[in-house]
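Observations on chain architecture
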Amino acid sequence: MTEDNKIRTLSVDIGGSGVKVLLLDSKGNPLSERARKETPQPAKPEPVINAIVELAATQAEFDRVSVGFPGVVRDGVTETAVNLHPDWIKLDLAKKLSQRLNKPVRVINDADMQGLGAIVGKGVELVITLGTGFGSALFVDGKLVPNLEMGHHEFRKGETYEQQLGRAALEKIGDNKWNRRLEKAIASLQNLFNYNYLYIGGGEATKVKIQLPENVKLIPNITGLLGGIALWRD
């Protein structure tokens, strides 16, 4: 076995309700069970970083870290954090976490990371994540169009995709009405992007009960962690 084949990646998914980690081998296969902690409230950087460090300690040795973050990320710096706390804005998360874990860290938007774990790499592929908020990622022939924050764009009745389909809306209106809204969103996104495939992930994807078109696929929540291996493909 070569040294490259021994490289282990700690994959981290920061969500509005939970922080998750998973250890991956060099091919991106899981080496551990997913570990999870509730996202600290208020979700300020220090407590969330502490939660990641505590979760990392439950895993075997690793060489590098991949992080999916719910907001716009540029060069490891978190630029927006609608579902966490304003203190995240302009924070160099890659640098801070690297100092705490003493390993190289790469950070990307969480829906982008989910997409990297799901796509086939052909044509136009769109990913949406249904959780606390509404995440989105767009790929063209396997190339990421970074930081597509579609969730904060107007969808219907003067409200955004996130306001209509985020967890707060689901809890307020119930599964049936939420599913009917999702059906409208899928039709809207098909017209907007003319995608080859749409992948639906996130913690609330389990609540999807509608008949999905042939080119729309539900993906398991662990996909967001499995996508972590792709951050190190140079």
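Now for a quick tour of the structure. Remember, predicted model here, so these are calculated numbers, not experimental data.

What to know about the overall build of the chain
Counting its regular elements, the chain contains seven helices and 15 strands. For 234 residues, the compact-globule formula gives about 17 Å, and the C-alpha radius of gyration of the chain, at 17 Å, lands near that figure. With the C-alpha coordinates aligned to their principal axes, the bounding extent of the chain is approximately 50 × 40 × 30 Å. The contacts of the chain with a sequence gap of at least 6 include a subset with a gap of at least 24, amounting to 59%. Taking the average location of the 30 positive side-chain charges in the chain and that of its 28 negative ones, the two points are 3 Å from each other.

Digging into helix α6 (residues 175-193)
Between its terminal C-alpha atoms α6 stretches 26 Å, which fits the 27 Å expected from 19 residues at 1.5 Å a residue. For α6, the full list of buried residues reads Trp-178, Asn-179, Arg-181, Leu-182, Ala-185, Ile-186, Leu-189 and Phe-193. Each buried residue of α6 sits inside an arc of 155° when the element is viewed along its axis, so together they form one side. Turned more than 90 degrees away from the buried face of α6 sit Asn-176 and Asn-191, all of them exposed. Phi for Asn-194, located one or two positions after α6, is positive at around 45°.

What to know about the packing of helix α1 (residues 45-56) against helix α2 (residues 93-101)
The contact between α1 and α2 brings their axes to 11 Å, and the two run at 45°. It follows that α1 is oblique to α2 by the angle criterion. Between α1 and α2 lies a crossing whose hand is right-handed. Contacts between α1 and α2 pair Glu-46, Ile-49, Asn-50, Ile-52, Val-53 and Ala-56 from the former with Leu-93, Lys-96, Leu-97, Arg-100 and Leu-101 from the latter. Across the contact of α1 with α2, the residue classes break down as seven nonpolar, one polar and three charged.

Brief notes about the packing of aromatic side chains
Evaluation of the coordinates by the stated rule reveals four aromatic pairs. Ring-pair connections join several aromatic residues into one group, and the members of that group are Phe-134, Phe-155 and Tyr-161. Above the plane of the ring of Phe-155 lies Arg-156, whose end atom (NZ or CZ) is 6.0 Å from the centre.

Thoughts on the sheet that holds strand β11 (residues 143-145)
Read from one edge of the open sheet, five strands run β11-β10-β9-β14-β15, paired in mixed fashion. A strand with exactly one partner marks an edge of an open sheet, and here the two such strands are β11 and β15 (216-218). Put simply, the sheet's adjacent strands are angled 25° from each other on average, direction ignored. Pairing of strand β9 (residues 124-130) with strand β14 (residues 197-201) involves five bridges; the strand directions are parallel. In the strand pairing of β14, Ile-128 is matched with Ile-200. α6 contacts β9, β10 (134-140), β14 and β15 of the sheet and is inclined by roughly 155° relative to β9.

A short note on the nonpolar core
Counting 29 residues, the largest nonpolar core has Val-12, Ile-14, Val-65, Val-67, Phe-69, Leu-93 and Leu-97 as the members making the most contacts within it. Secondary structure elements with two or more residues in this core: β1 (9-14), β2 (18-24), α1, β4 (64-69), α2 and β8 (105-109). Listed in part, the 24 residues of the second largest apolar core include Phe-155, Leu-182, Phe-193 and Leu-212.

Here is what the cut-offs are and how they apply
Residues numbered from 1 in each chain as written. Predicted model: local features only at pLDDT ≥ 70, side-chain atom pairs only at ≥ 80, totals over all residues. Heavy atoms only, no water. Helix = DSSP H or I, 4+ residues; strand = E, 2+ residues; numbered from the N terminus. Rg over C-alpha atoms; globule rule 2.2 N^0.38 Å. Contact = heavy atoms within 4.5 Å. Lys, Arg positive; Asp, Glu negative; His and termini not counted. Charge placed at Lys NZ, Arg CZ, Asp CG, Glu CD. Expected span 1.5 Å × (residues − 1). Buried < 20%, exposed > 50% of the residue type's maximum accessible area, 1.4 Å probe, protein only. Arc of directions from axis to C-beta. Axes fitted to C-alpha atoms, helices over the stretch in contact; angles between N-to-C directions. Parallel < 35°, antiparallel > 145°, perpendicular 65-115°, else oblique. Left-handed = near helix turned anticlockwise from the far one by under 90°. Nonpolar A, V, L, I, M, F, W, Y, C, P; charged D, E, K, R; others polar. Phe/Tyr/Trp six-rings, centres within 6.5 Å; stacked < 30°, edge-to-face > 60°. Lys NZ or Arg CZ within 6 Å of the ring centre and 35° of its normal. Pairing = 2+ DSSP bridges. Core = buried A, V, L, I, M, F, W, Y, C linked by side-chain atoms within 4.5 Å.

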